[in-house]
Amino acid sequence: MALKRRKKDLTFLEKIYIPEIAKGLALTFKNMLKPKFTMQYPEEKFIPPPSYRGRPVLVMEENGLERCVACGLCSRVCPPLAIEVQAAETDREKERYPIKFEINMLRCIFCGLCEEVCPEEAIVMSKDYELAFTNRKDALYGKDKLLTPVKQLQDRINFLRNYK
Amino acid sequence: MPKFILDGKEIEFEQGQTIIQAAKKSGITIPHFCWHESLSISGNCRVCLVEIEKMPKLAIACSTLAAEGMVVYSESDKALSARNAVMEFELINHPLDCPICDEAGECKLQDYAYSHGNGESRFNEEKAHKDKRVPLGPLVMFDGDRCISCSRCIRFCDEIAKESQLTFIKRGDRVTIVTYPGKQLDNPYSMNVTDICPVGALTSRDFRFKARVWELSSTKSICNGCSRGCNINLEVRNNQVLRLTPRQNDEVNSFWMCDHGRVNTYKFINAEDRVDSPYLRRKGALARSGWDEAFAAASSELKSYSKNEIAFIGSPYATCEDNFILSKFATQIIGTKHMDFIRHFNTSFGDNFLRQGDVTPNSFGAKAVGIFPGKGGLDLDGIIKAVKDGQIKAVYLMEDDMIAFNPELQEIFSKLDLFIVHATNFNKTTELADIVFPASTYAEKHGTIVNSDGRVQRLKPAVATFDVDRALEGMSLSRWDKFGTKFDSWAEGNKRDARSSWRILAGLSGAMGHKYKYGTAEEVFMDIAKSINAFSGLDYEVIGELGAKLKLDSVTKPVIA
Ligand code: SF4
Ligand code: SF4
Ligand code: SF4
Ligand code: SF4
Ligand code: FES
C-alpha cells in the first residue's frame, strides 16, 4: 500500500483554533458533570475490598491470644525471607506459641503465600497499605504491631474460606 | 555370593541377611518404621511389605531372609497398595500435630504419608486420645498421641543402653509407652531414642521448640565430651549451636552418642562469657586490647625471662594442629624443655559402651604431636612445684581451665610473674592471667583430634568468627545464611574475634621475629604428617568424614590413671 502523504500545513479551520477550543471545552464540561473518582487522600481513605492484599497481620482471638502455633511454615515459604518466628512452650492445649514473631516490612512483597500456607488461619492479609518508614528498625513489625482482633479481619477470613 | 532379584535388579547378599538389609547394602531403601539396622527385628509396623514370587501372601522385608534366586517386588501394584493401606492405618489415630511437632521435617511418617499416602482419610470418627507431654525422664518428652508403637525405643533401652526402662502397656488402640514402675528413662544414652523414634512421640527436652529442623545448617564434626570422639553433626542457626546429633560411624560410635555429650558440650560455645578479643591486665584488671598490641606485649614479656624460667602447658581440648605449633613454639622459639599438658580423668564417667574415663577429646593427639617434657625438662607436677618454688616465673597455658580443675593451684599460680592464657571463655584461670588470647572453640575451626583408639578425626567450623567466614570458608549454609544481609537480625548472629590457637601462636611468633609460614590448619597438618611418624601418609583427604587410624606402634597410648 502506498503511504499516504502527511499534510505539511494547517488547514484554514485549524489555523483559526476556535473549533478545536470548543471541542476541548465540550469534553471538559461533559466530565465536570460526571461523578468523581478522585479521593482526597489522606483526609479521605480508600477502604479496599476483601480480596486486597495489604500488610500481613496475625489473628488475635477474642481472649487476646494469637492463633499462631509458631510452626514456621510461613517463614519457610516466604519468598523474600521476611518472617522470623521463634517458638516456645506454653501450658495451653496447643503447646507451642511464638515468643517472637517479626515481619520485616521492607522485605515483604505482599504475595500472600504466608496466608495461604498457614495451617491455623493465623496470618492473613489486612487492608493496611500505609507503610512508610524513616529507618530500617521501624520496619520490623513485632507481635505488638501484628496482632489484630479477629473481628477486624472477618471479611478477609470469609473471603479466604470461599476462594482459597 | 548368592543373589536375588529386587525390582528387576540383581542384589548380592550374605547368607542370613534379610531382604531389607541386603537392599540397603546395595543402596535401595525399602520403607520401614520399626526396623533399625542395629536393633533386633520386631516386624510390627508392616510398612515394609513386599511381593515375593511363589509366595501366597505379601511378606515383610525386614524379617524375611533373602534366598538364592528369590524374585522380590517392592514397587509392584500389590506391594504399593499394601503400603498405602498400612499408611492409612497408621494415620487413623495419628493427630494432625505436624505444625506443633518438633519432628516435622525429619519425620518418617510425614515422609511416607507424602510419598505413599492417599492424601485423604476415610476415618471420620474421633481419634484416640492418649497422654501428651509426659516427661519420661530428665531429657526426653513423650507424646502418646503421636506414638506408632514401633517399639524401637523399648528395644534401644533393652539392647543398646542395656537398662530396661520402657515398655508397652494396654492393648489395641489404647496401647502406649510407659516407664517401668519406679523407673525413669534416665540411662546415660537415653536421648538416642529421640533420634530413632520415627515420629515425634519422643522429643529432646533440651532442643524442644528451639528451632525448625529445616532452619539449621549441619556440619560434620566430632564430640569433644570424652576421648571416644563420637561422630556428630553440629546444627547451627543464626551462628548459634542449637543441637548435636550423632552421625553414623561403625568404627567409633555406630548410630549413638551419650546424653552428656549431647547436652553439655555445646553450650559454652554460645555463652555470654566468651573471650571476644585479646585482653591485657592493666592496673589489676583485664582490659580489651587489639591483636598487635597483645602480641607485642606477650613478646616483650616472654623475652624478659630466661628460657628455663618459662613453662608451656598444652591442651587435650585443643587440636593436634594447635598443640603441634605450641610445642614448636616452646622448643624452637623460646627453647624451653618444660612442657606438658593436664590429664583429665573421671573414672566414674567411663563405661563399657561409649563413654571413656579420659574426658578430653585429644589427649592422645596432644602427646603424639609433641606435648611432653624435653630431656631433663619438667613435667606437669614438676612445673607446678617449680612455680611454687619460684624457679618458673612465666607460664604459657593453652585452652585449659586448670584452676577450676584443681583449686589448690590458685594460690600457687598467683605467684607467677607472667601468665599467658589462651581461653574460649572467661574462667577461674583467666582471672589470674596477665594476657588472655581469645581461642576458637572446636566448633569454630578446622583441625584434627585423636580419640582413645588412635583414630584421627576431623573438626570443621560450624560457627563463624572474625577468623572464619561462613561463605569464604565453605562452611555449611542454611537458607537463612545464604540470603541474609547485615541488616537482618537473624542472619549473622554473634561473631567473636577468636582465632585457632595455632594461628594465635603463629601471630605471636611473628611478633617475636620468627615467622611461621602456615596459612591454613591443613598446612599445619601436612607438616605434622611430614615430621611425626605416627601421622605419616595422612592428610585431610585421607581422614575424610570418618577418620583414619594412626600408625599405632610408633606412639605409646597414654595410660589411663
Ligand atoms: S505476604 Fe509474602 S512476602 Fe509478605 S510476609 Fe507473607 S509470604 Fe512473606
Ligand atoms: S504458618 Fe501460621 S501458625 Fe505457622 S508460624 Fe506462620 S502464622 Fe504461625
Ligand atoms: S515412642 Fe517412638 S520409638 Fe517408641 S514405640 Fe512409639 S513411635 Fe516407636
Ligand atoms: S561418649 Fe564421649 S564422645 Fe561420645 S557423645 Fe559421649 S561424651 Fe561425646
Ligand atoms: S519395618 Fe518391617 S515390619 Fe516394621
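Residues numbered from 1 in each chain as written. Chains lettered and ligands numbered in written order. Predicted model: local features only at pLDDT ≥ 70, side-chain atom pairs only at ≥ 80, totals over all residues. Heavy atoms only, no water.

**A few points about the packing of helix α8 (residues 291–303) of chain B against helix α15 (residues 501–511) of chain B**
All names here are of chain B.
Okay, step 1: Close contact between α8 and α15 brings their axes to 9 Å; oriented N to C, the two are set at 65°. On the basis of their axis angle, the class for α8 and α15 is roughly perpendicular. As for how α8 packs across α15, the hand of that crossing is right-handed. Every residue of α15 that contacts α8 at W291, F295, A298, S299, L302 and K303 is listed here: I504, G507, L508 and A511. (Axes fitted to C-alpha atoms, helices over the stretch in contact; angles between N-to-C directions. Helix = DSSP H or I, 4+ residues; strand = E, 2+ residues; numbered from the N terminus. Parallel < 35°, antiparallel > 145°, perpendicular 65-115°, else oblique. Left-handed = near helix turned anticlockwise from the far one by under 90°. Contact = heavy atoms within 4.5 Å.)

**Considerations on the packing of aromatic side chains**
Residue and element names in this part refer to chain B.
Okay, step 1: This model, assessed by the stated rule, comprises 22 aromatic pairs over all chains.
Okay, step 2: Plain terms: the ring middles of Y189 and F353 are 4.9 Å apart, the flat faces sit at 65° to each other, and that makes the pair edge-to-face. With Y189 in the loop between β9 (176–179) and α5 (192–196) and F353 in the loop between β17 (339–341) and α10 (363–368), this pair connects stretches of sequence that are 164 residues apart.
Okay, step 3: Judged by its relative accessible area of 27%, F353 falls in the partly exposed class.
Okay, step 4: Between W291 and F295, the aromatic rings sit 5.7 Å apart at their centres with planes inclined by 45°, giving tilted as the arrangement. With a gap of four residues between them, W291 and F295 both fall in helix α8, about one helical turn apart. (Phe/Tyr/Trp six-rings, centres within 6.5 Å; stacked < 30°, edge-to-face > 60°. Buried < 20%, exposed > 50% of the residue type's maximum accessible area, 1.4 Å probe, protein only.)

**Examining the sheet that holds strand β20 (residues 435–438) of chain B**
All names here are of chain B.
Okay, step 1: The strand order β15-β14-β20-β19-β18-β16-β17 describes an open sheet built from seven strands, whose pairing is mixed. The sheet is open, and its two borders are formed by β15 (285–288) and β17, each paired with just one other strand. With strand direction ignored, the average angle separating the axes of adjacent strands in the sheet is 20°.
Okay, step 2: Sheet topology note: the strand β19 (residues 418–423)/β20 ladder contains four bridges and is parallel. Within the sheet, the bridge partner assigned to V421 lies in β20 and is V436.
Okay, step 3: Its contacts with the sheet put helix α9 (residues 320–334) on β16 (310–314), β17 and β18 (394–398), and the angle it makes with β16 is roughly 170°.
Okay, step 4: Across the face of the sheet, α15 comes into contact with β18, β19 and β20 while running at roughly 145° to β18. (Pairing = 2+ DSSP bridges.)

**A short note on unusual backbone geometry**
Okay, step 1: For the bond running from Y41 of chain A to P42 of chain A, omega is 5°, close enough to zero to count as cis.
Okay, step 2: Residue placement: P42 of chain A occurs in the loop between α2 (18–33) and β1 (56–60).
Okay, step 3: The backbone of F209 of chain B shows a phi angle near 65°, a positive value even though the residue is not glycine.
Okay, step 4: Even without being glycine, S254 of chain B reaches a positive phi, approximately 55°.
Okay, step 5: Its place among the elements puts S254 of chain B in the loop between β13 (240–246) and α6 (259–264).

**A short note on the environment of L81 of chain A**
Okay, step 1: Within the fold, L81 of chain A resides in the loop between α3 (73–77) and β2 (83–89).
Okay, step 2: The exposure class of L81 of chain A is buried, given its relative accessible area of 3%.

**Some words on the site of ligand 2**
Okay, step 1: Surveying the vicinity of ligand 2 reveals the residues C68, V69, A70, C71, G72, C74, F101, C118, P119, E120 and I123 of chain A.
Okay, step 2: Of the residues contributing to the shell around ligand 2, the split by class is nine nonpolar, one polar and one charged. (Near = heavy atom within 4 Å. Nonpolar A, V, L, I, M, F, W, Y, C, P; charged D, E, K, R; others polar.)

**Examining the site of ligand 1**
Okay, step 1: Around ligand 1, the surrounding shell consists of P56, C78, P80, I83, C108, I109, F110, C111, G112, L113, C114 and M125 of chain A.
Okay, step 2: Residues belonging to the shell around ligand 1 are distributed by class as follows: 11 nonpolar, one polar and no charged.

**Let's talk about the pairing of strand β22 (residues 455–459) of chain B**
Residue and element names in this part refer to chain B.
Okay, step 1: Along β22, five of the five residues are buried, which leaves the element largely enclosed by surrounding structure.
Okay, step 2: By the alternation rule, side chains of β22 split into R455, Q457 and L459 and V456 and R458, which are all buried.
Okay, step 3: Direction of pairing for strand β21 (residues 447–450) relative to β22: antiparallel, over a ladder of four bridges. If you follow G447 over to β22, its bridge partner there is L459.
Okay, step 4: Hairpin geometry of β21 and β22 is characterised by an intervening segment of four residues between the two adjacent antiparallel strands and by a positive phi of about 80° at G454.
Okay, step 5: One ladder, built from two bridges, connects β22 with strand β23 (residues 548–549); its direction is antiparallel. Counted as the bridge partner of V456 is A548 from β23.

**Quick look at the pairing of β18 of chain B**
All names here are of chain B.
Okay, step 1: For β18, a buried count of five out of five residues is recorded, marking the element as mostly surrounded by other parts of the structure.
Okay, step 2: Residues A394, Y396 and M398 of β18 are buried on one face, and the alternating residues V395 and L397, pointing to the opposite face, are buried as well.
Okay, step 3: Relative to β18, β16 runs parallel, the two being bridged by four bridges. Opposite I310, over in β18, you have A394 as the bridge partner.
Okay, step 4: Bridging between β18 and β19 involves five bridges; their strand directions are parallel.

**Overview of the nonpolar core**
All names here are of chain B.
Okay, step 1: Counting 81 residues, the largest nonpolar core has F4, I19, I30 and F156 as the members making the most contacts within it.
Okay, step 2: The element best represented in this core is helix α4 (residues 152–160), accounting for five residues.
Okay, step 3: Ignoring anything within four residues of it in the chain, the contact list for F4 reads K9, E10, I11, F13, I19, A22, A66, A67, G69, M70 and V72.
Okay, step 4: If you look at the next biggest cluster of nonpolar residues, it comprises 53 residues, including C320, A366, F437 and I532. (Core = buried A, V, L, I, M, F, W, Y, C linked by side-chain atoms within 4.5 Å.)

**Some words on the interface of chain B and chain A**
Accessible area lost on assembly of the parts is the figure often given for the size of an interface.
Okay, step 1: Opposite the 21 residues of chain B that make contact, chain A presents 27 residues.
Okay, step 2: When residues of chain B are sorted by the area they lose upon contact with chain A, R133, F209 and R479 of chain B head the list and together hold 32% of the total.
Okay, step 3: Seen at the junction of chain B and chain A, the total is seven salt bridges.
Okay, step 4: Counting across the chain B and chain A interface gives 16 residue pairs in polar contact (both at pLDDT 80 or more).
Okay, step 5: Tallying contributions element by element places helix α14 (residues 479–483) of chain B first for the side of chain B that touches chain A, with three residues. (Buried area = accessible area lost by both parts, 1.4 Å probe. Salt bridge = Lys/Arg side-chain N within 4 Å of Asp/Glu carboxyl O. Polar contact = N/O pair within 3.5 Å; in protein donor to acceptor, adjacent residues only side chain to side chain.)

**Here's the deal with the domain arrangement of chain B**
Okay, step 1: In terms of domains, chain B is made up of domain 1 (3–92) and domain 2 (279–554).
Okay, step 2: Taken over C-alpha atoms, the centre of domain 1 of chain B sits 51 Å from the centre of domain 2 of chain B. (Domains from an automatic or database assignment.)

**A word on the sheet that holds strand β5 (residues 71–73) of chain B**
Residue and element names in this part refer to chain B.
Okay, step 1: Pairing is mixed across the open sheet formed by five strands, whose spatial order is β2-β1-β5-β3-β4. Of all the strands in the sheet, the pair left with one neighbour each is β2 (9–12) and β4 (59–60).
Okay, step 2: Pairing between strand β3 (residues 49–52) and β4: two bridges, direction antiparallel. Residue pairing across strands places V50 opposite A59, the latter belonging to β4.
Okay, step 3: Here helix α2 (residues 77–92) sits on the sheet and contacts β3 and β5; the angle it forms with β3, its principal contact strand, is near 160°.

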